[in-house]
Amino acid sequence: MSTATGSPPQKTLPNWDQLTFSLTETDVMFRSCGDKRRDPVWDRGEYVPFTDVRISPAAAFFSYGLGVFEGLKAQRTADGRVLLFRPEENAKRLQRSAERLSMPPFPSDLFVEACVEVVRRNLRFVPPAGKGSFYLRPIQHAIEPKLGLGPSNLFWVIIFGSPVGAYFTAGAPRGVRLQVLEQGRVAPGGTGYAKAMGNYAGGIYVASKWKERGFDDVLYLDARHERFVTETSGSNVFLVRKDGVLVTPPLDDQILPGVTRDSTIQAARKVLGIQVDERPLPVEEVLSEGEELFCTGTAWTLQSVREIVYRERAHAFPAESTRKALLDVIRGIQTGTREDPFRWTREVR
Ligand SMILES: Cc1ncc(COP(=O)(O)O)c(C=O)c1O
């Protein structure tokens, strides 16, 4: 494995008190090349300054969207250590996403090692405890110059990172407001379970129209029946029923298997002793039986939904105690203030 070539240009640190969920360029990124015609497919990668990349305009992903990505975070603890959260899960999901787009899987051990190393080489960009987190964005694309539609041979995996603050601006009203859409986020039988770039491209237009009308995001119903809730543009959803049971839609072809979703289910069942049902969740049940509604995601964390609008009728969810209790557990583990019974964190030394 080669090291950074020369000394990386010193990028500017952000103001820790004004972090938002946006890109701050950092010093070092990781890049590995894959070629399906050789064994092993992937090289060991290199750590290079974060900079523009040179790529053919005919690269397959430019035309055909052969690209997948990930998102995971490292956090600084009060005593100054840095903890990376469940990178093995993102490694596995990147592999499943890549397979769906006919791309070769990137080795999990190399993925985890590269994530740790990118954080380590950018340690000065990991915000102080309580000020934000360091977000890693691994991406994988088919970069082969190619005109016809078909599988490619050449790929890149790049991992870069950025310090980030909260996804939703601090000082906003408690919880988010979602418009329920009687349409699917992705096609039935399509790429919804993969973190594929194409799933997001079309959604920007949809969400923007509702954001202009004062919503924070949209909540998609399933594409087959337009009846069961699936997820928002970038988070999974959970309902706390009046009987205390936590319900979340089951993983299927239209739902991204969120790492935060899985962490929430495990924390609810094993730490807080809450019953969690993974089953289809009709929107009518959300309205009639819902006590609390919240979203989960790496960027969103655990976010209360204060109101949804369905068929032009608003429905409020004033409660948020379950979400708060779960966030306490998960954030506590992520930031080292709680014991980590699941061994979810990995220290970056
Ligand atoms: C569509 C969608 N659903 C759910 C999630 C939540 O996944 P995770 O908890 O792994 O961030 C994301 C974010 O990656 C997403 O883009």
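Residue positions are given per chain, counting from 1 as you read along its sequence in written order. Thresholds applied to this predicted model are a pLDDT of at least 70 for local features of residues and 80 or more for the giving and counting of side-chain atom pairs; totals over whole chains, interfaces and linings are not thresholded and use all residues. Side-chain descriptors were evaluated using all non-hydrogen atoms of the structure, hydrogens and water having been removed beforehand.

Novice: Hey, could you run me through the environment of Ala129 in this one?
Specialist: Per the convention used, a helix needs a DSSP run of H or I reaching at least four residues, while a strand needs a run of E reaching at least two, with both numbered from the N terminus. Inspection of the secondary structure puts Ala129 in the loop between α3 (108–121) and β6 (133–142). Spatially, the C-alpha atom of Ala129 lies 5.4 Å from that of Ala78, the residues being 51 residues apart in sequence. What makes two residues a contact is simply this: any of their non-hydrogen atoms within 4.5 Å. Dropping the residues within four chain positions of it, Ala129 is found in contact with Arg76, Thr77 and Ala78.

Novice: Quick question: what am I supposed to make of the domain arrangement of the protein here?
Specialist: You'll often see interface size given as the accessible area lost when the parts meet. Note that domain bounds follow an automatic or database assignment of domains. With domains assigned, the protein is organised as domain 1 (16–164) and domain 2 (176–334). Each of domain 1 and domain 2 has a C-alpha centre, and these two points are 26 Å apart. Between domain 1 and domain 2, the contact holds 24 residues from the first and 22 residues from the second. Between domain 1 and domain 2 lies a buried interface of about 1800 Å² when both sides are counted; carbon and sulfur atoms form 62% of it. Note on definitions: buried area is the accessible-area loss of two parts on being combined, 1.4 Å probe, summed for both. Per-residue buried area on domain 1 facing domain 2 is highest for Phe85, Arg93 and Arg100; these three make up 33% of the total on that side. The term salt bridge refers to a pairing of a side-chain nitrogen on Lys or Arg with a carboxyl oxygen on Asp or Glu at a separation within 4 Å. Viewed at the interface, domain 2 and domain 1 are joined by one salt bridge. Put simply, Asp262 and Arg86 hold a salt bridge, and the shortest N to O gap is 2.9 Å. Polar contact is the term for a pair of N or O atoms within 3.5 Å; when the atoms are in protein, one must be able to donate a hydrogen and the other to accept it, and sequence-neighboring residues count only if both atoms are side-chain atoms. One can count seven residue pairs in polar contact (both at pLDDT 80 or more) joining domain 1 with domain 2.

Novice: For this particular structure, what's the right way to read the site of the ligand?
Specialist: Around the ligand, a shell composed of 16 residues is seen, among which Lys195, Tyr200, Glu231, Thr260 and Thr298 lie nearest. Tyr200 is positioned with one of its side-chain polar atoms (N or O) 2.6 Å from an oxygen atom of the ligand. Between an oxygen atom of the ligand and a side-chain N or O atom of Thr298, the distance comes to 2.6 Å. Residues of the shell around the ligand, tallied by class, amount to three nonpolar, nine polar and four charged. Residues are counted as near a molecule or strand when any one of their heavy atoms sits within 4 Å of it. Residues were grouped as follows: Ala, Val, Leu, Ile, Met, Phe, Trp, Tyr, Cys and Pro as nonpolar; Asp, Glu, Lys and Arg as charged; and all remaining residues, including Gly, as polar.

Novice: Explain the packing of helix α2 (residues 87–100) against α3 to me, please; I cannot follow it from the model alone.
Specialist: Think of two packed helices as two axes; the pair is described by the angle between the axes and how far apart they sit. The contact between α2 and α3 brings their axes to 9 Å, and the two run at 130 degrees. Between α2 and α3, the crossing angle belongs to the class labelled oblique. Both α2 and α3 take part in a crossing whose hand is right-handed. Taking contact as the criterion, the partners of Pro87, Glu88, Asn90, Ala91, Lys92, Leu94 and Gln95 in α2 are, on α3, Ser108, Phe111 and Val112. Per-class residue counts for the contact of α2 with α3 are five nonpolar, three polar and two charged. Lines fitted to C-alpha atoms define the axes, with helix axes restricted to the stretch in contact, and inter-axis angles between N-to-C directions lie between 0 and 180 degrees. Should an angle lie under 35 degrees it is considered roughly parallel, over 145 roughly antiparallel, and from 65 to 115 roughly perpendicular; all remaining angles are considered oblique. Handedness of a helix crossing follows the sense of rotation of the near helix relative to the far helix, less than a right angle counterclockwise being left-handed and clockwise being right-handed.

Novice: Hey, could you run me through unusual backbone geometry in this one?
Specialist: Among all residues save glycine, negative phi is the norm, and among peptide bonds the norm is trans. The amide bond that connects Asp39 to the next residue, Pro40, takes the cis arrangement and shows omega of 0 degrees. One can find Pro40 in the loop between β1 (28–35) and β2 (46–49). Its identity as a non-glycine residue notwithstanding, Arg311 has a phi of 50 degrees, on the positive side. Considering the arrangement of structural elements, one finds Arg311 in the loop between β15 (301–310) and β16 (313–316).

Novice: Help me understand the nonpolar core, please; the structure alone is not making it clear to me.
Specialist: The nonpolar side chains of a soluble globular protein tend to be buried, and buried together. Residues belong to one nonpolar core when they are buried, are Ala, Val, Leu, Ile, Met, Phe, Trp, Tyr or Cys, and are joined through side-chain atoms within 4.5 Å. Burial classification: accessible surface area is computed with a 1.4 Å probe over protein chains only, and a residue below 20% of its type maximum counts as buried, one above 50% as exposed, and the rest as partly exposed. Core analysis: the largest hydrophobic core is formed by 49 residues, its most contacted members being Phe30, Leu84, Phe106, Phe111, Val119, Leu136 and Ile159. Setting aside anything within four residues of it in sequence, one finds Leu84 in contact with Leu72, Lys73, Ala74, Cys115, Val116, Val119, Leu136, Trp344, Thr345, Arg346 and Val348.

Novice: When you look at the pattern of salt bridges in this model, what are you seeing that I'm missing?
Specialist: A pair can form between side chains of opposite charge whenever their charged atoms are brought close. The tally for this structure, following the rule as stated, stands at 30 salt bridges. Residue Glu25 pairs with Lys11 through a salt bridge whose shortest N-O separation is 3.5 Å. Residue Glu25 is located in the segment before β1, and its partner Lys11 is located in the segment before β1; the two are separated by 14 residues in the primary sequence. Assessed through its relative accessible area of 37%, Glu25 is described here as partly exposed. Residue Glu89 pairs with Arg86 through a salt bridge whose shortest N-O separation is 3.9 Å. One salt-bridge network, in which partners are shared between bridges, spans Asp79, Arg81, Glu347 and Arg349.

Novice: Would you explain the environment of Val329 in this entry?
Specialist: Among the secondary structure elements, Val329 is positioned in helix α7 (residues 321–334). Considering only alpha carbons, one finds Val329 and Val176, 153 residues apart in sequence, at a separation of 21 Å. Leaving out residues up to four positions away in the same chain, Val329 has contacts with Ala267, Val271, Leu272 and Arg338.

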